[in-house]
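What follows is the residue order along each chain.
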Amino acid sequence: MRRPFCFRIFAPLTAFLIFGEAFFSCASNKRPKPKDDFFYEENISQFKEASLSNGIPVAIKNIPFEKNIELRLVFSGGASASPKGKSGTELLVFDLLSESNPDIKERLARGQYFSISACQNDFSYYGFSAAAPDFFESLQFFKDSILSPKYSHDDYLKKEAAAASAALSRSENPRFEILDEVQKSVWGGSPYRDGIYYKPTSRVSEYDIEKHLSALLNASRISIVAAGNFSYKEKADRKAKGQKKSDALLFESRSQKLLEELESAFGGISREPWTFPAIPSPAIKGESRQALRSEFAGADYYCVLCLACPNRGAEDYEAFALSTLALDSLLSRELVERQKAAFYCGTAVLNGKQSLALIVASGKKEGRDIEEMVKGALKFFPQESELQGLLDIYKNIYVSRVIGASQNAGASLDQMISSIYYQGDAKAFLNKPKKIRAVTAQDMRGAFEKYFLSENSLFVLLTN
């Protein structure tokens, strides 16, 4: 299973479901202390951090109520370090390592192993998930898959053909066409321009695969993260009365065992010099407009309004994120429900060391000025006094997402990796609920004005 690289573009929103729950909890006369007040304290003891002998950092999080354990090797660079003109190489490498390995395929068929991989702007990862009792056995197959690859020439031909076919399909999809144009315009001279998806022009050879894998196996580029139920009870443990080990002891012993296994497998990887590519600011100046034609658009339009925004480690990121929740509601109400100018309209963020905020919309092409309508809707964003009464609702939505993610192995690893790359600490997300609670209506309105009312923007419209 590959974790999708998803921008949430043109996808329906489900926040209103959480909104209702948050509203009724706020309306109650009883106001217990929010659970997120204790989020840091409850989770910090479930972390263990260490380094292998070659300096590879390891972060482990225990989630006692999870059924699985997931582990990822995380590689610095991601799309920004992809060879020029060879976008999609990293995902093709990961597919070959996992899906062409006969031992892994056998475990996949038995439901004992699930391959995990993704490539994003600043990092990529390759890993696996398994039921907690199967984790250490599966770990042996995982480490062999990357240290002793077992793909054949025929495997390469099949995977490359599949990647080329998927690339052709994306090139005929208006959503990817407009996104490609956005990246070309905003990141034309940036390492972000290529790298995530395979393209018809990529033409990655077996030599490219071997060279790229060799470049990835550099201790300077690797971090290891794992999360899941390290305190699971064996059958023998459950039956033995009076000899039960506490969750803390089980976590300590199993995390130590994992560190020993990782040292044996990856501690010998050499550490070579590596520098993160320099990422320039988005190339957006003034109010720019572009019009695209695509035979695949049919009778619909697709549009994107692009603006610079803070990365996840910025001081005002939480205020900005809260403003997107309010803006999603506003855009849906104004353009979808009231004016019926769009099937969908909402916000998305392309995260990175330099991030990009998007307002995306799609609908029937009817000759209306959709750019003017999108920008006109921004005028209805709540003033500070109006936000004051809504602030706790949006905070509850945001906090509930953070807390909910912490109970899932994959979602926890997403937060840990993001915290590593954008805040320098795998545990940084544990402070997020307090940061969210500290945001004021003034902060939220200020973030909206700073980023969504910026003088610098790019509007791209795609039609037939």
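Residues numbered from 1 in each chain as written. Predicted model: local features only at pLDDT ≥ 70, side-chain atom pairs only at ≥ 80, totals over all residues. Heavy atoms only, no water.

Turning next to the overall build of the protein chain. Looking only at helices and strands, the protein chain features 16 helices and 11 strands. Out of the 464 residues in the protein chain, the part that is buried amounts to 51%. Sequence-distant contacts in the protein chain: of pairs separated by 6 or more residues, those separated by 24 or more amount to 82%. Counting only carbon and sulfur atoms, one obtains 52% of the accessible surface of the protein chain, whose full area is about 21200 Å². (Helix = DSSP H or I, 4+ residues; strand = E, 2+ residues; numbered from the N terminus. Buried < 20%, exposed > 50% of the residue type's maximum accessible area, 1.4 Å probe, protein only. Contact = heavy atoms within 4.5 Å. Areas by Shrake-Rupley, 256 points an atom, 1.4 Å probe, with all protein chains shown as cover.)

Looking at the secondary structure, you find S329 in helix α11 (residues 317-338). Residues S329 and T347, 18 residues apart in the sequence, show an inter-C-alpha distance of 9.9 Å.

The end-to-end C-alpha distance of helix α13 (residues 384-405) is 30 Å, a good match for the 32 Å that 22 residues give at a rise of 1.5 Å each. Of all the bends in α13, the greatest, near 55°, is centred on L390. (Expected span 1.5 Å × (residues − 1). Bend = angle between axes of the 7 residues up to and from the residue.)

Moving on, we get to helix α3 (residues 89-99). Buried residues dominate α3, accounting for 10 of its 11 residues. Turning to α3, its buried residues number three or more, namely T89, E90, L91, L92, V93, F94, D95, L96, L97 and S98.

Read from one edge of the open sheet, six strands run β1-β2-β6-β3-β5-β4, paired in mixed fashion. For this open sheet the edge positions go to β1 (47-51) and β4 (114-119), each flanked by a neighbour on one side alone. Across the sheet, the mean angle separating the axes of adjacent strands is 15° when strand polarity is ignored. (Pairing = 2+ DSSP bridges. Axes fitted to C-alpha atoms, helices over the stretch in contact; angles between N-to-C directions.)

For the rest of this paragraph, the subject is the pairing of strand β6 (residues 222-228). Side-chain positions along a regular strand alternate between the two faces of the sheet. In terms of burial, β6 is a largely internal element, seven of the seven residues being buried. As defined by bridge partners, strand β2 (residues 57-62) adjoins β6 across five bridges and the pair is classed as parallel. Bridge pairing in β6 links A59 to V225. In terms of strand pairing, strand β3 (residues 68-76) meets β6 through seven bridges, oriented antiparallel. Counterpart to I69 in the pairing with β6 is G228.

At R203, a position not held by glycine, the phi torsion is positive, near 50°. Structurally, R203 is set in the loop between α7 (174-186) and α8 (206-216). The backbone phi angle of K340 is positive, close to 50°, even though this residue is not glycine. Among the secondary structure elements, K340 is positioned in the loop between α11 and β9 (344-350). A relative accessible area of 60% places K340 in the exposed class.

This brings us to the environment of I397. Looking at the secondary structure, you find I397 in helix α13. Once the C-alpha coordinates of I397 and L322 are considered, the two residues, 75 residues apart in sequence, prove to be 9.1 Å apart.

The subject of this paragraph is the environment of F128. By secondary structure assignment, the location of F128 is in strand β5 (residues 123-131). Counting along the chain gives 13 residues from F128 to F141, while the straight-line C-alpha distance between them is 9.9 Å. Those residues in contact with F128, other than ones at most four positions away along the chain, are I69, E70, L71, Y113, F114, S115, I116, F135, S138, L139 and F142.

Here the focus is the confidence of the model for the protein chain. Looking at the protein chain, pLDDT values average 90 and 90% of them are 70 or higher. Across residues 3-32 the pLDDT falls below 50, and counting only partners more than four positions away or on other chains, this stretch makes 48 contacts in the model. (pLDDT = per-residue confidence, 0-100.)

Another aspect to go through is the packing of aromatic side chains. Following the criterion strictly, the structure yields 19 aromatic pairs and no others. Each ring, one from F47 and one from F429, has its centre 6.2 Å from the other, and the planes form 55°; the classification is tilted. Within this pair, whereas F47 is found in strand β1, its partner F429 is found in the loop between α14 (409-423) and α15 (432-438), the two being separated by 382 residues in sequence. Residues F47 and F429 agree in their burial class; the two are buried. With a centroid separation of 6.0 Å and an interplanar angle of 75°, the aromatic rings of F135 and F230 are classed as edge-to-face. Taken together, the residues span a long stretch of sequence, with F135 in helix α5 (residues 135-147) and F230 in the loop between β6 and α9 (235-239) at a distance of 95 residues. Look at F135 and you get buried, because its relative accessible area is 0%. A relative accessible area of 0% places F230 in the buried class. Through a chain of ring-to-ring contacts, the aromatic side chains of F75, F94, Y113, Y126, F128, F135, F136, F142, F230 and F251 assemble into a single cluster. (Phe/Tyr/Trp six-rings, centres within 6.5 Å; stacked < 30°, edge-to-face > 60°.)

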